[in-house]
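# Descriptive analysis of the structure
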Amino acid sequence: MNILIKNAVIITMDSESPIVKGDIGIKGQTISFVGKDNTFTPDRIIDAKGNIVMPGLVNAHTHTPMSLLRSYADDLNLQQWLFDKIFPIEDTFTEDDIYWASMLSCVEMIQSGTIAFADMYFLNKGTAKAAIQSGMRANICRGLQCFEDKPSFEDDERMCEALELYREFDGSGDGRVKIDLSPHAVYTNTPKYLEYIANMAGKLGAGVHTHISETFVENEECIKKHGMTPTALLDSAGFFKTRTIAAHCVYLTDEDVNIFREKDINIVHNPTSNLKLASGIAPVGKYMQAGINVALGTDGAASNNNLNMFEEIHLAALLQKGVNKNPTDISAEDALKMATINGAKALGLKNTGVLKAGNNADLIIINIDKPHLTPYYNAHALVAYSVQASDVESVMVGGKFLMEKGQIKTLDVEQITYEIKKKGDRIRCHM
Ligand SMILES: [Zn+2]
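Residues numbered from 1 in each chain as written. Predicted model: local features only at pLDDT ≥ 70, side-chain atom pairs only at ≥ 80, totals over all residues.

### Quick look at helix 4 (residues 157-169)
As a reminder of what qualifies: Numbering of helices and strands runs from the N terminus, with a helix taken as a DSSP run of H or I at least four residues long and a strand as a DSSP run of E at least two residues long. Expected span, for any helix, means 1.5 Å times one less than how many residues it has.
With 13 residues, helix 4 extends 18 Å from end C-alpha to end C-alpha; this agrees with the ideal 18 Å at 1.5 Å per step. Two residues or fewer past helix 4, Gly171 is found with a positive phi of approximately 85°.

### A few points about the nonpolar core
Condition: Buried Ala, Val, Leu, Ile, Met, Phe, Trp, Tyr and Cys residues whose C-beta atoms connect them within 7 Å together make up a nonpolar core. Remark: C-beta atoms are placed from the backbone, and a residue is labelled buried if 20 or more other C-beta atoms sit within 10 Å of its own, exposed if 12 or fewer do, or partly exposed between those counts. Domain segmentation is taken from an automatic or database assignment of domains. Residues are scored as being in contact if the C-beta atoms we place from backbone atoms lie within 7 Å.
In this structure, Val53, Met136, Ile267 and Ile313 are the most contacted members of the largest nonpolar core, which totals 138 residues. Residues lining this core come from more than one domain, with at least three contributed by each of domain 1 (2-55 + 353-408) and domain 2 (57-347). For Val53, the contacting residues outside a window of four places in its chain are Ile5, Ala8, Ile10, Ile24, Ala48, Leu363 and Ile365.

### Remarks on the packing of helix 2 (residues 95-111) against helix 15 (residues 413-428)
The criterion, for reference: Axis lines are fitted through C-alpha atoms, for helices just across the contact stretch, and the angle between N-to-C directions can take any value from 0 to 180 degrees. Angular relationships are summarised with four words: roughly parallel below 35 degrees, roughly antiparallel beyond 145, roughly perpendicular across 65 to 115, and oblique for the angles in between. When the near helix sits turned anticlockwise from the far one by under a right angle, the crossing is termed left-handed; a clockwise turn instead gives a right-handed crossing.
At a closest axis distance of 9 Å, the pairing of helix 2 and helix 15 adopts a crossing angle of 130°. The angle between helix 2 and helix 15 falls in the class oblique. Where helix 2 crosses over helix 15, the handedness of that crossing is left-handed. Contacts from Asp97, Trp100, Ala101, Met103, Leu104 and Val107 of helix 2 reach helix 15 at Val413, Ile416, Glu419, Ile420 and Lys423.

### Examining helix 12 (residues 332-339)
With 6 of its 8 residues buried, helix 12 lies for the most part within the structure. Buried within helix 12 we find Asp334, Ala335, Leu336, Lys337, Met338 and Ala339.

### Observations regarding the domain arrangement of the protein
Test applied: Residue classes follow a fixed rule: Ala, Val, Leu, Ile, Met, Phe, Trp, Tyr, Cys and Pro count as nonpolar, while Asp, Glu, Lys and Arg count as charged, and any other residue, Gly among them, counts as polar.
According to the domain assignment, the protein contains domain 1 (2-55 + 353-408) and domain 2 (57-347). Of note, the centres of domain 1 and domain 2, computed from C-alpha atoms alone, are 29 Å apart. At the junction of the two partners, domain 1 supplies 22 residues and domain 2 supplies 25 residues. If you list the elements that add at least two residues to the side of domain 1 that touches domain 2, you get helix 14 (379-385), strand 15 (392-397) and strand 16 (400-404). Per element, the largest residue contribution to the side of domain 1 that touches domain 2 is 5 residues, and it comes from helix 14. Class assignment of the residues belonging to the side of domain 1 that touches domain 2 gives a composition of 17 nonpolar, 3 polar and 2 charged.

### Thoughts on the pairing of strand 1 (residues 2-11)
Note the threshold: Whether two strands pair comes down to DSSP finding at least two bridges between them.
Burial runs high along strand 1: 7 of the 10 residues are buried. Bridge count for strand 1 against strand 2 (residues 19-27) is 8 bridges, and the pairing is antiparallel. Its bridge partner lying in strand 2, Val9 is registered against Lys21. One ladder, built from 4 bridges, connects strand 1 with strand 4 (residues 44-47); its direction is parallel. Bridge assignment links Leu4 to a residue of strand 4, and that residue is Ile45. Sheet topology places strand 1 next to strand 5 (residues 51-55); 2 bridges connect them, and they run parallel. Paired with Ile10 across the strands is Val53, a residue of strand 5.

### Brief notes about the environment of Ala130
Along the chain, Ala130 falls in helix 3 (residues 125-134). Looking at Ala130, the number of C-beta atoms within 10 Å reads 28, which means it is buried. Ala130 sits 176 residues away from Asn306 along the chain, and the two C-alpha atoms are 18 Å apart. The residues contacting Ala130, other than those within four sequence positions of it, are Tyr99, Ser102, Met103 and Cys106.

### Some points on the packing of helix 2 against helix 3
Packing of helix 2 against helix 3 leaves a shortest axis separation of 7 Å and a crossing angle of 35°. When you trace helix 2 past helix 3, the crossing you get is right-handed. Residues Glu95, Ile98, Tyr99, Ser102, Met103, Cys106 and Ile110 of helix 2 pack against Lys125, Gly126, Thr127, Lys129, Ala130, Ala131 and Ser134 of helix 3. Of the residues assigned to the contact of helix 2 with helix 3, the class counts are 7 nonpolar, 4 polar and 3 charged.

### Re the pairing of strand 5
Along strand 5, 5 of the 5 residues are buried, which leaves the element largely enclosed by surrounding structure. With 5 bridges connecting them, strand 5 and strand 14 (residues 363-367) associate as antiparallel partners. Across the sheet, the residue bridging to Pro55 is Leu363, located in strand 14.

### Here we look at the environment of Ser32
With respect to the secondary-structure elements, Ser32 resides in strand 3 (residues 30-35). Not counting residues within four places of it along the chain, the set of residues in contact with Ser32 comprises Gly25, Ile26, Lys27, Phe40 and Ala357.

### Focus: unusual backbone geometry
Looking along the chain, the bond that leaves Asn304 and enters Asn305 is cis, with omega of 5°. Along the chain, Asn305 turns up in the loop between strand 13 (294-296) and helix 11 (309-324). Of the consecutive residues Thr374 and Pro375, the connecting peptide bond is found in the cis state with omega at -15°. Counting through the fold element by element, Pro375 comes out in the loop between strand 14 and helix 14. Here the phi dihedral of Asp264 falls at roughly 55°; this positive angle occurs in a residue that is not glycine. Looking at the element boundaries, Asp264 is found in the loop between helix 8 (254-262) and strand 12 (266-269).

### A closer look at the environment of Gly22
In this fold, Gly22 is placed in strand 2. Under the C-beta neighbour-count criterion, Gly22 is labelled partly exposed, with 16 such atoms within 10 Å. In this structure the C-alpha to C-alpha distance between Gly22 and Leu144, which are 122 residues apart in sequence, comes to 47 Å. Excluding residues that lie within four positions of it along the chain, Gly22 makes contacts with Ile10, Gly35 and Lys36.

Encoded structure:
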């Protein structure tokens, strides 16, 4: 099917022509042209007058099933939050819980303009099935933890689960779902087990997704225990040879930054989660100046407490300005890059993140014909500082609408909400 989206203001994220006023032609799954092409013969025409069209957002670090734990544990630091509250309740989760919570998160992400996400959790088949059904793109990984060494990790339960997930779902959903490997963090794994995971990632050529230097305590304890920073420990264990997503990175040393630059490691900034858990503020302006790819993520809905990427864009731009007392740090356009093209790179999505001919038709349509968006003089600034998630009207992945004019096309929102409310009642009994 050929779709023509016409009369739009298009934020392309293409450095050659960042803003185009005109049309986008879509042929099947890909963009045929951006601008004007009178030879294009559409089967369907969408008038986008009064709309901004831009690449769909990429949530490069999240734990989708945690939407089941929204407002379950708040106003605590990371260690108390994770070990006293989150890990115990997560032990009660079933694959059915994971499936419905992931479905709920897909609804929330689509409604707020997200087209792809990088997810770390467990019992991930439910998340993979939700991603396939929703039509979204997803990199999914089983968070691996091991607190005690064993003579052999061959029959390690978590790694077996990760490998089964890889065999069953890598490349599924017409290639929309990818499976990465994931050491949860250095403080939840022994160095030997880390080496085992790094080896496996190398063997499979799989991407790696992990948390690095989220808190000051994590760094201090790692240095005390292993004589090196979390980044140096992972490097010495053999990581960073395949595409790597490193979430948080609030406390990287200058040596760590050099490793990140040399090994082309992708940083994911999660400003809301870092603020809420009082972990600190990652100096991402400095990382970007060092030439490192920095993407954006929401983290899970238990530490955020939503999956709204527009809040992350807004905060990412404002925080660096305030902390560095420099209004030019992280421009509106930089913040949008973090949420689109940089996120796509972190997930290894080669033809997503920029609207140009030949790329995937992965885009969102934002209705800007609203009082709080009128008037405007700069499209990047309008989206970064004024647009709300609820202004997103339509979401397309690979030429297919996942949401059109506010209606989710791929998921049954009423049924998902019904199932989740039942599960919420069960969890409430544990409080
Ligand atoms: Zn996380």
